[in-house]
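# Architecture and fold: a report
Chain by chain, the residues run as shown.
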Amino acid sequence: MLLEIMAKMEVKTSLLDNMIGVGDMVLLEPLNEETFINNLKKRFDHSEIYTYIGSVVISVNPYRSLPIYSPEKVEEYRNRNFYELSPHIFALSDEAYRSLRDQDKDQCILITGESGAGKTEASKLVMSYVAAVCGKGAEVNQVKEQLLQSNPVLEAFGNAKTVRNDNSSRFGKYMDIEFDFKGDPLGGVISNYLLEKSRVVKQPRGERNFHVFYQLLSGASEELLNKLKLERDFSRYNYLSLDSAKVNGVDDAANFRTVRNAMQIVGFMDHEAESVLAVVAAVLKLGNIEFKPESRVNGLDESKIKDKNELKEICELTGIDQSVLERAFSFRTVEAKQEKVSTTLNVAQAYYARDALAKNLYSRLFSWLVNRINESIKAQTKVRKKVMGVLDIYGFEIFEDNSFEQFIINYCNEKLQQIFIELTLKEEQEEYIREDIEWTHIDYFNNAIICDLIENNTNGILAMLDEECLRPGTVTDETFLEKLNQVCATHQHFESRMSKCSRFLNDTSLPHSCFRIQHYAGKVLYQVEGFVDKNNDLLYRDLSQAMWKASHTLIKSLFPEGNPAKINLKRPPTAGSQFKASVATLMKNLQTKNPNYIRCIKPNDKKAAHIFNEALVCHQIRYLGLLENVRVRRAGYAFRQAYEPCLERYKMLCKQTWPHWKGPARSGVEVLFNELEIPVEEYSFGRSKIFIRNPRTLFKLEDLRKQRLEDLATLIQKIYRGWKCRTHFLLMKKSQVVIAAWFRRYAQQKRYQQTKSSALVIQSYIRGWKARKILRELKHQKRCKEAVTTIAAYWHGTQVRREYRKFFRANAGKKIYEFTLQRIVQKYFLEMKNKMPSLSPIDKNWPSRPYLFLDSTHKELKRIFHLWRCKKYRDQFTDQQKLIYEEKLEASELFKDKKALYPSSVGQPFQGAYLEINKNPKYKKLKDAIEEKIIIAEVVNKINRANGKSTSRIFLLTNNNLLLADQKSGQIKSEVPLVDVTKVSMSSQNDGFFAVHLKEGSEAASKGDFLFSSDHLIEMATKLYRTTLSQTKQKLNIEISDEFLVQFRQDKVCVKFIQGNQKNGSVPTCKRKNNRLLEVAVP
C-alpha cells in the first residue's frame, strides 16, 4: 500500500523514472528495426508521442489534442536538464534557448519528416515555447507577437490540403530568430525554399490549391468580392479542384479573418493587403481564360481568346492594357543580338504561357510576402545578436510518380542527412575530447557520394540538366536521360534501363523513360518527363513586359525584367541551379550553429488518432535514417551522466554512499561502481561525467535501484509504523491524564452546584414564609382602614342627604334634561370624529344626522369641514399649478353652460406654447423678432373674407400684442396691440370659430376684424381675456351668440352658425353665401 502511495506521490526527476518502453532509443536493447518500431508503438499507445535518440527528438503525430502543452508544462520544463524529465519537444526547445542565452552559442532546430508528420505544428510549438520563456515587456511582446503571427500569413499562401495532410507546407521555411544578450527576441529573418508553384494550375485528385484562394472566396465580404470581380462559387474557377473544396473541421471564412488580422499585426498596410488580394484574384481569373485555334493565311495555326470578358476583368484588376496582354498570349518575341522575331502561339503554347504566368505571378507574390514580413520583423537595433534558426522543410519523398520536385527535395534531404551525420559525429567527438575519453573511429555510411552524383559541377545530374537546357537544338527529356546514361552509367548509386551497365538491361521494374537513384533512405525511381521544362521554368518575355506595364504597383514590382530599358538577353538561372545555391547557403548557415533535431513521423495515412501503421512507420524510419542515427550514437558509449545526478540516483546501492556522501561526487561514483563490481570495460570516467558503454549495464543499475527502493520502502514502513504506534500510545496516555483531571474537576463542580442549589432552596422557603406573614399583617391593617373609611362615608352621606333632600326634589327634572342633552351632544361629536369622509374636495359623502334638533349644526359642520379640506388641498399647489387652476376657473366663469365646447376642454391642460418656437430652428427668425414673453403660440386657421376658405397662420399672444405670422416662412403678417382689441365673439355650439373685433379707427383695424378657427378656442379666449385685463385693467367683452357681425374692411358681414350634416365628418365648414352673410355649418 505504501509503495502505491509513494508511486503516486513520486515527482519525476529522471528520464528513467516510470518509463513506458524506452525513452531514449540509445538504451534500446536489442537494437533492430523491429524493436525500434515496437518501442515507438508502445509509447504511442500510451500517448507518449516523443522519444529521444540522444539529443534528437522523435515526434509521432497523434492526430488529436493532448494536454501536454499547457502553461504549467512550459513551467515544468523551464530551466531543467534535458534528460531530467520525460521526452518532450519543450525539453529540446529549452536546451537550445538556454545554450543560446547562457553559453552564447547560436542554435538551429532542424525539423524534418514527410507531409502530415507534424513539422509545421512542431515549429509552432518551438516558437511558442521560446516566446513563453523569454523576457516580457511591451516592445518584446510586440516582437514576439509579430514573429508568431507571421505563421498564419505564410500558411495561407504556402500551405494546401493534400491526401496526406490537411495543412501541408508546400514550401521549405527557415527562420532565424534574433535575440539580445539577455535572451529577449529582437526580430527575425525568414528564408523560403522551392514553393510548389505547379499546384497553382493543377492539383492531384483529392487535393486542394493553396488555402488563400478558398479563404478569400469564403471569408471576404460581398463588397470586397465585387471589388475584386470574384464570385463566391468555387466551381466558377478552373484552377480550383472541386472534389476537395471543403475540408472537414476547417473554417475557411474564419481563417481568412485570422489571416487579415495577422497581416495587420505583422505590419501590412491596408493598401498593401488589398494589393496582395488583387494579385490572388488575378491568378484565379487567369485560369478561366480559354483559347480556340484559328488558321492564318500562311497556313500556320494561332490561338485566340474565346471569351474576352475574363481578360477584361483581369486587365481592370491589374491596370494592364487589354490589347497588350491579349497579344502576349498570342505571340512570342525572340530576340537575338539585333534581331527580333515574332512567332504565333498555337493553343497548347497559349495554355502553357497562361499557366506559366499564373505560376510565376503567384510564386513571385509569395517571395514578395516573405520579404515584406522580413522588413517588419527584422531587428531594429545594430547590436550584436544571438540567433536561433528553425528549419521546417520537406522530408524525403518516395511516391508512385516521382518527378523533378521530388528529385530536388530528396537532394535537399541528402544534404541535411550529410550535415546531420557530420555534426552528430563532431558533437560526439568534441564531448569525448572535453571529457578526456579516448575517441574511437565510428564506421557509418557517408552519403557524400550521392550528393556528389547530384551536385557535381562537372558531371552531376543538376549540372547535366542545366547543360541540356542551355544546349541549342532540339532538347527533350529523352535527350537528357540519354546524356545521364552516358555520364553516370558506371556510378554505383545510379540505375537506368538504357545505361551501358548490363545488370539493368533486363530489370523489368525499371521503365525505359526513368532513372533510379539509391539514396541513403532507399531507392527512388524518377520519371524523366517534365524535368527539362520544370528546370527551365520559362516565362515568355512578352508576358514579363506586359506585367511590367501594369499600373498596379505591386505587380509591376514583381517583374523588373519586363522593363524595356533593362532588357537582358542572358538566360535566367534555372530552377535547379537556384535551388542548389539556396541549399548551399543553408548548409553554410547551419554549419555555423549548434544543431538540434526533431524527426517527425506520421503513424497512418488516414489522419486518424490511435492508429499505428507499422509498415508506414518502418518506411519513414528507413528514409529518416533513425537506426543509423542510433548506431552512430551507440558506437562509443551509449549513456553518459554528470557525476552529481548519477550519485544522487544510485547512492542507496552502497552503504558507504548512503544516505549522504561526504566528498567529491566523482569519488562517490567510483566507490559505488567498485562496490557493485561492474566490469571496468563497461564504463569510463570523464572530467565531469560517467560514461556507460552498454545499455544492459544501465538497466542492471535501474533494477538494483528498484529493488533497493522496495527495501527502503519496507524499512520506512516499519519505522513509520513504530513511530505511529509510539505516538498513539503517548497520545492515549496524555489523553487519559487530561480526561481524569477534567472529570475530577467536573465532579467537584457538580457537588458544589448541588450544595449551592440546596442552600438557595432553603433560603427561598424561609424568605417566602416571612414575606407571607408580613403580607397577612398588612392585608389585615388595610381591611381595617377600608372598613373605617366606608362606614364614615356612609354616615356622612346619610347626613348630607337628610340635609339637602328638600332642595333636590324641586330642581331634579331640569338637571336631568340638561345632563341628558349634554351626553347626546357629546356622543354626537365623538361619533362624527370616527365617521369623517376623505380629504378629497370632490368627495360628497357626509354622515347622516342622528337627531332632528341637530340639523342646523350638522349642515354648518359639513360646510366648515368642506371649506377646511379645500384650503388644505389648495395649500399643496405650486405657483404654476395655482396659475393653471386660476385660468381654468376663469374659463369656467366665462364659458360654463354658455359654450357647448367648454366641457371637452376641462380635462385638457392649458399649455400655451404648442409650437416650441424657442427650440425649433425653423422659427429662429420669428423668435428673434419678438422680444416679449410668448403666452400663446398656436397654429390657427384664418378665415378668408372673400370666400370663407381658411389659411394656416401662427397665432402669437404676448403681454402687449397679438401677432399673426406665416406658418412656412415665420414672417410676421399682422401685429395688433391689445388695447385695440375690443371684443371676442363666438357661437354657443361645439365649434372652434371666434372673431377678434378691433377698435374702429385704429391702425390695426384698417383691414377689418379677424375671424379664426382653432382646436384650443377655450384656452386662447381665456388667456386673451386675462392678458387684456392685466394690461389694460379693463375686462374684454366675450360675446357668445349664434349670429354676430364682423367688420370686413368697409362692410359688415353677419356670421351665422347652423346645424348641418358634413361631408368631411365632424369638421365645421365655412361658406360665403352673399356679400352680407357668412354661414358656418356645425355638425
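Now for a quick tour of the structure. Sequence order sets the numbering: in each chain, residues are counted from 1 along the sequence as written. Whole-chain, interface and lining totals are the exception, using all residues; otherwise, since this is a predicted model, local features are given only for residues with pLDDT of at least 70 and side-chain atom pairs are given and counted only at 80 or more. As a rule here, side-chain values cover all heavy atoms of the structure and leave hydrogens and water aside.

Right, let's get into the sheet that holds strand 29 (residues 1051–1059). Strand pairing in a sheet relies on backbone hydrogen bonds, with the paired strands running either antiparallel or parallel. Taken in spatial order, the four strands line up as 28-29-31-30 in an open sheet, and their pairing is mixed. For this open sheet the edge positions go to strand 28 (1043–1048) and strand 30 (1069–1074), each flanked by a neighbour on one side alone. The sheet shows a mean angle of 30 degrees between the axes of neighbouring strands, taken without regard to direction. In the sheet, strand 30 pairs with strand 31 (residues 1077–1082) via five bridges, with the strands oriented antiparallel. Across the sheet, the residue bridging to Cys1070 is Val1080, located in strand 31. Note: two strands are recorded as paired if DSSP finds a minimum of 2 bridges between them. To qualify as a helix, a DSSP run of H or I must reach at least 4 residues; to qualify as a strand, a run of E must reach at least 2; elements of each kind are numbered from the N terminus. Lines fitted to the C-alpha atoms define the axes, with helices restricted to the stretch that makes contact. Angles between their N-to-C directions range from 0 to 180 degrees.

Here we take up the pattern of salt bridges. Here, a salt bridge means any side-chain nitrogen of Lys or Arg that lies within 4 Å of a carboxyl oxygen of Asp or Glu. The final tally for this structure, using the stated rule, is 47 salt bridges. In this structure, the salt-bridge partner of Lys182 is Asp180, at a minimum N-O distance of 3.1 Å. Each residue is placed in one exposure class: buried if its accessible area under a 1.4 Å probe, protein chains only, is under 20% of its type's maximum, exposed if it is over 50%, and partly exposed if it falls in between. We classify Asp180 as buried; its relative accessible area is 9%. For the salt bridge of Arg199 with Glu196, the shortest nitrogen-to-oxygen distance reads 3.1 Å. Classification of Arg199 by relative accessible area gives buried; the value is 2%. Via salt bridges that share partners, Glu231, Arg236, Lys285, Glu310 and Glu313 belong to a single interconnected network.

A few words now on the packing of helix 10 (residues 270–286) against helix 11 (residues 308–318). Running from N to C, helix 10 and helix 11 point in directions that differ by 165 degrees, and their axes come no closer than 10 Å. When the interaxial angle is binned, helix 10 and helix 11 end up roughly antiparallel. Crossing geometry of helix 10 relative to helix 11 is assigned as left-handed. Between helix 10 and helix 11, the contacting residues are Ala278, Ala281, Ala282, Lys285 and Leu286 on the first element and Glu310, Glu313, Ile314, Leu317 and Thr318 on the second. Any residue outside Ala, Val, Leu, Ile, Met, Phe, Trp, Tyr, Cys, Pro, Asp, Glu, Lys and Arg is labelled polar, Gly included; the first ten of those are nonpolar and the last four are charged. Considering only residue class, the contact of helix 10 with helix 11 consists of six nonpolar, one polar and three charged. Roughly parallel means an angle under 35 degrees; roughly antiparallel means over 145; roughly perpendicular covers 65 to 115; every other angle is labelled oblique. The handedness criterion is simple: a crossing whose near helix is rotated anticlockwise from the far helix by less than a right angle is left-handed, and one whose near helix is rotated clockwise is right-handed. What makes two residues a contact is simply this: any of their non-hydrogen atoms within 4.5 Å.

Our focus in this paragraph is the packing of aromatic side chains. A pair of aromatic rings is counted whenever rings of Phe, Tyr or Trp (Trp by its six-membered ring) have centres within 6.5 Å, and the orientation is called stacked for planes under 30 degrees apart, edge-to-face for over 60 and tilted otherwise. A full pass over the atoms with the stated rule returns 32 aromatic pairs. The interplanar angle of 45 degrees and the centroid separation of 5.5 Å between the aromatic rings of Phe44 and Phe612 together place this pair among those described as tilted. Of this pair, Phe44 sits in helix 2 (residues 33–45) while Phe612 sits in the loop between strand 16 (594–601) and helix 22 (614–624), placing them 568 residues apart in sequence. Of the two residues, Phe44 and Phe612, both sit in the buried class. Both rings, one in Phe865 and one in Trp868, keep their centres 5.9 Å apart while their planes meet at 40 degrees; by these two values the pair is tilted. With Phe865 and Trp868 both in helix 28 (residues 855–875) and three residues apart, this pair spans about one turn of that helix.

What follows is about unusual backbone geometry. Between Glu29 and the following residue, Pro30, the backbone shows a cis peptide bond with an omega angle of -5 degrees. Counting through the fold element by element, Pro30 comes out in the loop between helix 1 (2–9) and helix 2. Omega for the peptide link from Trp658 to Pro659 comes to 0 degrees, which places this bond in the cis form. By the element assignment, Pro659 lies in the loop between helix 24 (643–650) and helix 25 (665–675). Backbone geometry at His610 places phi at a positive 65 degrees, although glycine is not the residue there. For His610, a relative accessible area of 59% translates into the label exposed. One non-glycine residue, Asp897, lies in the positive phi region at around 65 degrees.

Looking now at the packing of helix 4 (residues 89–103) against helix 5 (residues 119–133). Where helix 4 contacts helix 5, the two axes come as close as 9 Å, and the packing angle between them is 55 degrees. In terms of orientation, helix 4 and helix 5 fall into the oblique class. Between helix 4 and helix 5 lies a crossing whose hand is right-handed. Facing Ile89, Phe90, Ser93, Asp94 and Tyr97 of helix 4, the residues of helix 5 in contact are Ala122, Leu125, Val126, Tyr129, Val130 and Val133. The residue inventory of the contact of helix 4 with helix 5, partitioned by class, reads nine nonpolar, one polar and one charged.

Moving on: the nonpolar core. Definition used in this section: a nonpolar core is a set of buried Ala, Val, Leu, Ile, Met, Phe, Trp, Tyr and Cys residues joined via side-chain atoms within 4.5 Å. One finds Phe157, Phe213, Leu325 and Phe329 to be the most contacted residues of the largest nonpolar core, which totals 115 residues. Per element, the largest residue contribution to this core is 14 residues, and it comes from helix 13 (residues 347–377). For Phe157, the residues in contact, after removing those within four places along its chain, are Phe210, Val212, Val276, Val280, Tyr362, Leu365, Phe366 and Leu369. Ranked by size, the runner-up nonpolar core spans 91 residues in total, among them Tyr411, Val617, Leu653 and Leu712.

This paragraph deals with the pairing of strand 25 (residues 993–998). For strand 25, the buried fraction is high: six of the six residues fall into the buried class. The sheet contact formed by strand 24 (residues 981–986) and strand 25 spans five bridges and is antiparallel. What sits directly across from Val984, in strand 25, is Val996. Joining the antiparallel neighbours strand 24 and strand 25 is a turn of six residues. Bridge analysis of strand 25 against strand 26 (residues 1010–1013) gives four bridges, and the strand direction is antiparallel. Bridge pairing links Val996 to Phe1010 in strand 26.

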